[in-house]
Amino acid sequence: MIEKAIEAGESEVVEFKRELPSKDKKVMKTVVAFANCGGGRIIFGVDDATHSILGVNDGERARLQDMLTDMISDTCAPQIFPSFTWRSLEGKALFVVEIPQSSQTPYYIRAEGLEQGVYVRVGATTRKASPEKVRELQLRGQNVTYDAVVESGVAPVPRKSVDVICQAIREYAGSPARSIGVNQLISWELLRRDAGALYPTNAYRILSGSGVHFSGIQCAVFQGTEKVNFLDRKEFNGPAYEQLENAQRFLMQYLRCSAVIENIRREDVYEIPLEALRELIANAILHRNYLVHAYIQVSVFDDRVEILSPGGLYDNLTREEMLSGMSRLRNPLLADVFRRMNIVEQWGTGIQRVIQLCANAGLPAPDFDITGDAVRIVLRRLPLAAPRQKKERRRRPHKRDEALLAYLKKHPDAPLREAADAFFVNVSTISRFVQDMRKEGKL
């Protein structure tokens, strides 16, 4: 076990030290970082550059363990409880300090204080935590997620806003007209009632597009393969579900599309499956860190599409765990309402489904570039010799459109799901049709 850890090198959970601990604050910063993240091991007696086994003097084991325990107790806060083991490798002694994953975050260096003394693990390095990361650690230490917070000073929610959100949820979910109302939003913790007024949690504010800074999606098309020259760019704000639809429409303008006839029906097939792109953008909305002052970015290049989600993986989830289908929800209330709206399916299945969709389309698996600050997903486009032109999306009159418009006028309160079932299309198609008709003043 120890041999494999040394052979693999330093990582998010392993740090090597050549010599036994001293009063060096660097070791204590690593202790704090491991406690704030998923725990980890510091192995004394290993060269961090060459992985050579140097060994340490193990003549006074009890004294060394007591000394390090005192150092951690005096230097770090809240209290951290390490465990110690001694291992022998190549005839040399190694001193292994295990720092457990701890729940009273944020942990910090006492002398530097809470604002400046919080450290986290990013890859194989220990870094000072950003203010946004400190806030997230504070919430985690309180067993609270950001989307469950009612911000101080936030105004009550107007009843009209609540009605709009309830109608949107009903339409996406295909629920009866009066099945979702204020009581449901309160039970789902999107709203809280206080002194007769309704106050929004951050989940409600994100869902409705009301006042959470940097909660939009920036979409752009670049010339070539570098982020230098813009060909087009848009920023979408407003309700989270509308941002998703708008981002998908933006991509549909620039991705190559071919027509496939199946069972006498024409189906548009895009070079990158729209279902995969939609899933990844929805995941970005649900899993991003809204404390970070940055937008979700969707970028189209000649050779790829990139989706950038601010904030790394949540709650020490690893890349391997994510790819295997494990999920830890940074914004569980928002994720729950997206699931109720049929925007996402069972939690944890999305990434594997995206990989399969790409494989079915003859594309390589997406690349997942994960840091402590962001998750960047890269989907490759197949090369094409001819230059790509923006497609003008113009609605052509069609008998089905006339019938659908008549149906919607006759049943203005009917859920979109009913219309989708009646006309054998999906809900997003109906939603786009409704928005187009409203823009044209026909609805």
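Everything that follows concerns the structure shown earlier in this document.
Given the structure is predicted, the values throughout are model-derived calculations rather than measurements.

Engineer: Just to check I follow, could you spell out the pattern of salt bridges for this structure?
Structural biologist: Between side chains of opposite charge, a pair can form when the charged atoms approach closely. This model, assessed by the stated rule, comprises 24 salt bridges. With its nearest N and O atoms 2.8 Å apart, the salt bridge here joins Asp336 to Arg339. Taken together, the residues span about one helical turn, with Asp336 and Arg339 both in helix α12 (residues 332-340) at a distance of three residues. Connected through shared salt-bridge partners, Asp303, Arg304, Glu306 and Arg376 make up one network.

Engineer: I'm lost on helix α10 (residues 274-287) in this one. Help?
Structural biologist: Every α-helix carries 3.6 residues per turn, so stepping three or four residues along brings you back to the same face. The end-to-end C-alpha separation of α10 is 20 Å, in line with the 20 Å expected for 14 residues at 1.5 Å each. Across the 14 residues of α10, twelve count as buried, placing the element largely inside the fold.

Engineer: I'm lost on the packing of aromatic side chains in this one. Help?
Structural biologist: Two measures describe an aromatic ring pair: the distance that separates the ring centres and the angle between the ring planes. Evaluated as defined, the whole model comprises ten aromatic pairs. Seen from the ring of Phe230, Arg233 lies directly overhead, with NZ or CZ sitting 4.1 Å from the centre. The ring of Tyr290 carries Arg288 above its face, with NZ or CZ at 4.6 Å from the centroid.

Engineer: Explain helix α13 (residues 350-360) here, please?
Structural biologist: By the burial criterion, the buried members of α13 are Gly350, Ile351, Arg353, Val354, Leu357 and Cys358. Along α13, the residues classed as buried sweep out an arc of 160 degrees about the axis, all on the same side. At its buried positions, α13 is contacted by α10, α11 (319-323), β17 (367-370) and β18 (374-380). Positive backbone phi, approximately 75 degrees, marks Gly362, located one or two places after α13.

What counts as what
- Residues numbered from 1 in each chain as written.
- Predicted model: local features only at pLDDT ≥ 70, side-chain atom pairs only at ≥ 80, totals over all residues.
- Heavy atoms only, no water.
- Salt bridge = Lys/Arg side-chain N within 4 Å of Asp/Glu carboxyl O.
- Helix = DSSP H or I, 4+ residues; strand = E, 2+ residues; numbered from the N terminus.
- Expected span 1.5 Å × (residues − 1).
- Buried < 20%, exposed > 50% of the residue type's maximum accessible area, 1.4 Å probe, protein only.
- Phe/Tyr/Trp six-rings, centres within 6.5 Å; stacked < 30°, edge-to-face > 60°.
- Lys NZ or Arg CZ within 6 Å of the ring centre and 35° of its normal.
- Arc of directions from axis to C-beta.
- Contact = heavy atoms within 4.5 Å.

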